[in-house]
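Read off the chains here:
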Amino acid sequence: MEAMKPIVMSGIRPTGFLHLGNYFGAIRNYVRMQEEFECYFMVADLHSLTTHPDTKELKANVHRVLAENIACGLDPDKAAFYCQSHIYETSELYLYLNMLAYMGELEKTTTFKDKVRMQPQNVNAGLLTYPVLQAADIILHRASLVPVGKDQEQHLEMARTYVNRFNHRYGEVFPEPKAFNYSQELVKVPALDGSGKMSKSENQMATIYLADSDDMIRKKIMKAKTDSGPLEPNTPKPDYIENIFLLMKLVSSADVIEKFEADYNGCNIRYGDMKKQLGEDMVNFVSPIRNKVDSILNNEIYLKEVMQKGEEKARKSAKGTMELVRQAIGLNYY
Ligand code: TRP
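Every chain's residues receive numbers from 1 upward, in the order its sequence appears when written. Restriction of local features to residues with pLDDT of at least 70 applies here, the model being predicted, together with a cutoff of 80 or more for giving and counting side-chain atom pairs; totals for whole chains, interfaces and linings are based on all residues. Excluding hydrogens and water, the side-chain figures rest on all heavy atoms present in the structure.

Helix and strand definitions follow DSSP, with helices as H or I runs of at least four residues and strands as E runs of at least two, each counted in order from the N terminus. For the protein chain, the helix and strand inventory stands at 14 helices and 5 strands. By principal-axis analysis of the C-alpha atoms, the protein chain measures approximately 80 × 45 × 45 Å. Using a 1.4 Å probe on the protein chains alone, a residue whose accessible area is under 20% of its type maximum counts as buried, one over 50% counts as exposed, and one in between counts as partly exposed. Looking at the protein chain as a whole, 46% of its 334 residues are labelled buried. Any two residues whose heavy atoms approach within 4.5 Å at even a single point are treated as in contact. Put simply, 77% of the contacts in the protein chain that link residues at least 6 apart link residues at least 24 apart. Here Asp and Glu are counted as negative and Lys and Arg as positive; His is not counted, and neither are the chain ends. Here the site of a charge means NZ on Lys, CZ on Arg, CG on Asp, or CD on Glu. Both charge centroids of the protein chain, one from 41 positive and one from 44 negative side chains, sit 2 Å from each other.

See below:
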């Protein structure tokens with residue numbers, strides 16, 4: 001028998017287009033994990049209803065997030081890649097966990113408080129129990145490793161709290177899930193305007209999306225802030241220049257990077273040339289992914305098969321867990 005692999009689970013919200021930060025910060029790790037672990041990757045469509053009650057674009061967004069992740073290397077034959085709403089067991093487990101989650105702690109959650117501020121006209125109970133649904137997603141597969149960024153740490157802490165309450169009250173069913181990433185320092189992909197990281201919603205001109213056209217990529221990079229260059233050899237780089245080098249390190253070859261480092265340190269760097277080079281290397285990196293996304297999106301039959309395959313794998317795992325759960329709670333009357 002094959003040795004049991006640790007179980008990995010993560011969720012991806014189907015809102016907006018993926019960008020370079022998502023690729024280097026998350027998807028690239030998923031692609032590596034699917035080789036080593038038993039992986040469940042889920043499109044969090046139910047979670048998106050807490051903030052996006054209008055579902056006109058939902059189907060297109062779900063298709064896009066599936067296609068973008070697959071184009072980046074996520075393999076539906078290796079990992080289980082499924083939609084949250086297809087696995088009803090998630091909703092059942094969510095209901096049980098709601099009885100273990102207290103109002104006071106839910107109201108204190110940072111993401112809840114942020115959303116109350118952002119959408120005061122729609123403070124629904126689903127927003128309040130968002131972390132409970134997330135806990136259900138994870139423990140439905142009895143996963144112990146959850147590849148997420150810092151912003152999700154509090155939700156994971158809450159998942160551990162519910163796991164401990166459940167195990168304590170009804171008997172040991174779940175392992176404690178913890179955040180997991182390969183590198184200690186998560187890869188940060190800087191925005192092109194020197195304002196922090198690339199992000200989904202902030203300055204779109206400072207973020208490179210996997211769906212950007214070649215010309216759009218070139219244009220965004222040419223707009224990145226530079227100056228007239230250092231005046232003394234080996235001057236430390238200002239942030240906005242360091243960022244251009246960081247982006248280059250993600251997509252350019254070692255000799256290209258070496259050349260511009262030498263130019264910088266020798267005070268004869270030409271930022272126009274550097275950005276042109278980065279633009280071309282970025283186009284060469286992004287355009288094959290974008291073309292693959294387009295061809296997947298044009299193949300609805302393939303997308304349906306992906307979702308069905310994912311659903312089948314996720315349900316198998318979910319069924320096993322839910323039998324244990326109902327038994328442990330005492331919902332077994334005959
Ligand atoms: N809340 C996560 C986010 O905003 C998405 C998510 C939903 C998730 N369910 C999950 C992440 C389970 C990890 C595990 O990005």
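There is more to say after this.
Our next topic: the pattern of salt bridges. Definition used for salt bridges: Asp or Glu carboxyl oxygen within 4 Å of a side-chain nitrogen of Lys or Arg. With the rule as written, the count across this model stands at 21 salt bridges. Glu105 is paired through a salt bridge with Arg165; the nearest N and O atoms lie 2.8 Å apart. Residue Glu105 is located in helix H5 (residues 103-108), and its partner Arg165 is located in helix H9 (residues 153-170); the two are separated by 60 residues in the primary sequence. Residue Arg165 is classed as partly exposed on the basis of its relative accessible area of 22%. The salt bridge partner of Arg290 is Asp214, with a shortest N-O separation of 3.0 Å. On the criterion of sequence distance, the pair formed by Arg290 in helix H13 (residues 271-297) and Asp214 in helix H10 (residues 214-222) is long-range, its members being 76 residues apart. Relative accessible area serves as the criterion here: at 13%, Arg290 is assigned to the buried category. One network of salt bridges, with partners in common, ties together Glu35, Asp75 and Lys78.

Moving on to a nonpolar patch on the surface. Nonpolar side chains collect at one region of the surface, where Leu331, Tyr333 and Tyr334 lie side by side and expose about 500 Å² of accessible area between them. Here Tyr334 shows up in the segment after helix H14 (300-329). Like charges are joined within 9 Å and nonpolar side chains (Val, Leu, Ile, Met, Phe, Trp, Tyr) within 5 Å, but only among residues with over 30% relative accessible area and no salt bridge; these make up the patches. Surface exposure here means Shrake-Rupley accessible area, sampled with a 1.4 Å probe, where a residue is shielded only by the protein chains that are shown.

Three or four residues apart is the spacing at which side chains of an α-helix point the same way, because the helix has 3.6 residues per turn. If you check H14, its first and last C-alpha atoms are 41 Å apart, about what 30 residues at 1.5 Å a residue would give, namely 44 Å. Taken as a whole, H14 has its buried residues at Leu303, Val306, Met307, Gly310, Ala314, Arg315, Ser317, Ala318, Thr321, Met322 and Val325. Positive backbone phi, at 105°, marks Gly330, one or two positions downstream of H14. Helix span, expected: 1.5 Å multiplied by one less than the number of residues in the helix.

At Arg142, a residue that is not glycine, the phi angle is positive and equals roughly 50°. By the secondary structure assignment, Arg142 is in the loop between helix H8 (130-139) and strand E4 (145-146). Residue class for Arg142 comes out partly exposed when judged on its relative accessible area of 30%. At Asn234, a residue that is not glycine, the phi angle is positive and equals roughly 55°. A relative accessible area of 58% places Asn234 in the exposed class.

Now for the state of the cysteines. By disulfide we mean two sulfur atoms from cysteines, separated by a distance within 2.5 Å. Per the counting criterion, the structure on display carries 0 disulfides. Among the cysteines around Cys72, which has no disulfide bond, Cys39 carries the closest sulfur, lying 16 Å off.

Another aspect to go through is the pairing of strand E1 (residues 7-12). Burial runs high along E1: 5 of the 6 residues are buried. In this region the chain leaves E1, passes through helix H1 (residues 20-36) and returns to the parallel neighbour strand E2 (residues 38-43); the handedness of that crossover is right-handed. By definition, the crossover connecting two strands over a helix is right-handed if that path, from the first strand to the second, turns clockwise as seen with the strands pointing away from the viewer.

The next thing to look at is the site of the ligand. Proximity criterion: a residue is near a molecule or strand once any of its heavy atoms comes within 4 Å of it. Lining the immediate surroundings of the ligand are 14 residues, of which Arg13, Tyr130, Gln134, Asp137 and Gln152 lie closest. In protein, a polar contact means a hydrogen-donor-capable atom and an acceptor-capable atom, both N or O and within 3.5 Å, with residues adjacent in sequence counting only if both atoms are side-chain atoms; elsewhere, any N or O pair within 3.5 Å suffices. At a separation of 2.8 Å, a nitrogen atom of the ligand approaches a polar side-chain atom of Tyr130. One nitrogen or oxygen atom from the side chain of Gln152 is found 3.0 Å from a nitrogen atom belonging to the ligand. When the ligand is considered free in solution it has 360 Å² of accessible area, and contact with the protein chains removes 92% of it. Breaking the shell around the ligand down by element, the ones donating at least two residues are E1 and H8. The element best represented in the shell around the ligand is H8, accounting for 4 residues.

What follows is about helix H3 (residues 58-71). For H3, built from 14 residues, the straight-helix expectation of 20 Å at 1.5 Å per residue is met to within 8% by its first-to-last C-alpha distance of 20 Å. Taking burial as the measure, the 14 residues of H3 include 10 buried ones, the bulk of the element. Of all the residues in H3, the buried ones are Val62, His63, Arg64, Val65, Leu66, Ala67, Glu68, Asn69, Ile70 and Ala71.

Before going further, it helps to examine the pairing of strand E3 (residues 80-83). Residue alternation in E3 divides its side chains into two sets, Ala80 and Tyr82 and Phe81 and Cys83, and both sets are buried. A strand pair is defined by DSSP finding two or more bridges across the two strands. Pairing of E2 with E3, which is carried by 4 bridges, proceeds in the parallel orientation. By the bridge assignment, Val43 is partnered in E3 with Cys83.

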